[in-house]
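Take a look at the letters that make up each chain.
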Amino acid sequence: FAVSLEQDPDPFIRANATWLLILYAKYSDVLIHALNDENAIVRRKAANSLGYVYRIMVDEENRASEELLRRFEDDDIYVRYFALNSFSYVKKDLTHEEFSLVLKLLNEKNSAMRKKTYETLARLKLKGSLNSLEEHEILIEIQKHLLNETDENVLANAYYFLSLLNFEKYKSIDTSPLEEF
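None of the values given here were measured: they were computed from a predicted structure.

> Could you clarify how one ought to interpret the environment of Tyr89 in this entry?
Turning to its location among the elements, Tyr89 is positioned in helix α6 (residues 77-90). Given a relative accessible area of 39%, Tyr89 falls into the partly exposed group. Look past the residues within four positions of Tyr89 in its chain and what remains in contact with it is Gly51, Arg123 and Lys127. For Tyr89, the side chain forms a polar contact with the side chain of Arg123, separated by 3.2 Å.

In structure tokens form, the structure reads like this:
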């Protein structure tokens, strides 16, 4: 599969080979490399697959998370979506810069991406990857977004994430958009 992934001229063969590599954690470096493929379908499959590879070594985790972060700005919405999802599974210790890149995705026009951003923040919170300073920054950013958010699914995810933070302790946050939940 690894040879096919890197050398086959057909992007659908490369994409399917990428998906099958989740069965073999030792090929995570090939998945990381596939994040830079010229074809968006291959990048989508690679970004999605990395979230399923649970036995990544520390150095591969760092390389995978770095490449997934780069995919947050991919032209393809699905690549960005799968990269964000996998990042929350792959990344263990979040730096402030990485945190800022995740938080920036709340500005996405696509509501599915904003919803996935809240899911990712919740997963990172549950893993203990967010510190109290970052939580406060998130609350300030969320307050800006909630005033203009109309998608009920995004609002529901925002409310769930805020409940994880015990947002009642932050009196300055306007939670009126969440009152109907």
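There is more to say, and it comes next.
> For this particular structure, what's the right way to read the side chain of Glu149?
Mapped onto the elements of the fold, Glu149 is located in the loop between α9 (132-146) and α10 (152-165). Looking at Glu149, the relative accessible area reads 13%, which means it is buried. Polar contacts involving the side chain of Glu149 include one to the main-chain amide nitrogen of Asp151, which spans 3.1 Å. In this structure Glu149 touches Arg114, Val154 and Leu155, once residues within four positions along its chain are discounted.

> Can you help me understand the packing of aromatic side chains in this one?
Two descriptors summarise a pair of aromatic rings, namely the distance from one centre to the other and the angle between the planes of the rings. Summed over all chains, the structure comprises two aromatic pairs. With centroids separated by 5.6 Å and ring planes inclined at 75°, the aromatic side chains of Phe72 and Phe87 adopt a geometry described as edge-to-face. You can see Phe72 sitting in the loop between α5 (58-70) and α6 and its partner Phe87 sitting in helix α6, a full 15 residues away along the chain.

> Looking at this structure, I do not really get the nonpolar core. What am I missing?
Across soluble globular proteins, nonpolar side chains show a tendency to be buried alongside one another. Of all hydrophobic cores here, the largest spans 39 residues; its most connected members are Leu50, Leu68, Phe72, Tyr118, Ile138, Ile142 and Phe161. Elements supplying a minimum of two residues to this core: α3 (28-34), α4 (40-50), α5, α6, α7 (96-104), α8 (111-126), α9 and α10. Looking at which element gives the most residues to this core, the answer is α10, with six residues. With sequence-adjacent residues up to four places away left out, Phe161 is seen in contact with Tyr118, Leu121, Ala122, Lys125, Leu130, Ile138 and Ile142.

> I tried to follow the packing of α6 against α8 on my own but got confused; where do I start?
The packing of two helices is summarised by the inter-axis angle and the distance between the axes. The N-to-C vectors of α6 and α8 enclose an angle of 10°; their axes lie 9 Å apart at closest approach. Of the possible angle classes, the one that applies to α6 and α8 is roughly parallel. Judged by residue contacts, Ile77, Arg80, Tyr81, Leu84, Asn85, Ser88 and Tyr89 of α6 engage Ala112, Met113, Lys116, Thr117, Thr120, Arg123 and Leu124 from α8. When the residues that make up the contact of α6 with α8 are grouped by side-chain class, the tally is seven nonpolar, four polar and three charged.

> Explanation requested: the packing of α8 against α10 in the structure shown.
Look at α8 against α10: their axes get within 9 Å of each other, and the N-to-C directions meet at 15°. Judged on the interaxial angle alone, α10 and α8 are roughly parallel. Seen along the crossing, α8 lies across α10 with a hand that is left-handed. Only Asn153, Val154, Asn157, Ala158, Tyr160, Phe161, Leu164 and Leu165 of α10 make contact with α8, whose side of the interface consists of Ser111, Arg114, Lys115, Tyr118, Glu119, Leu121, Ala122, Lys125 and Leu126. Grouping the amino acids of the contact of α8 with α10 by side-chain chemistry returns 10 nonpolar, three polar and four charged.

How each quantity is defined
- Residues numbered from 1 in each chain as written.
- Predicted model: local features only at pLDDT ≥ 70, side-chain atom pairs only at ≥ 80, totals over all residues.
- Heavy atoms only, no water.
- Helix = DSSP H or I, 4+ residues; strand = E, 2+ residues; numbered from the N terminus.
- Buried < 20%, exposed > 50% of the residue type's maximum accessible area, 1.4 Å probe, protein only.
- Contact = heavy atoms within 4.5 Å.
- Polar contact = N/O pair within 3.5 Å; in protein donor to acceptor, adjacent residues only side chain to side chain.
- Phe/Tyr/Trp six-rings, centres within 6.5 Å; stacked < 30°, edge-to-face > 60°.
- Core = buried A, V, L, I, M, F, W, Y, C linked by side-chain atoms within 4.5 Å.
- Axes fitted to C-alpha atoms, helices over the stretch in contact; angles between N-to-C directions.
- Parallel < 35°, antiparallel > 145°, perpendicular 65-115°, else oblique.
- Nonpolar A, V, L, I, M, F, W, Y, C, P; charged D, E, K, R; others polar.
- Left-handed = near helix turned anticlockwise from the far one by under 90°.

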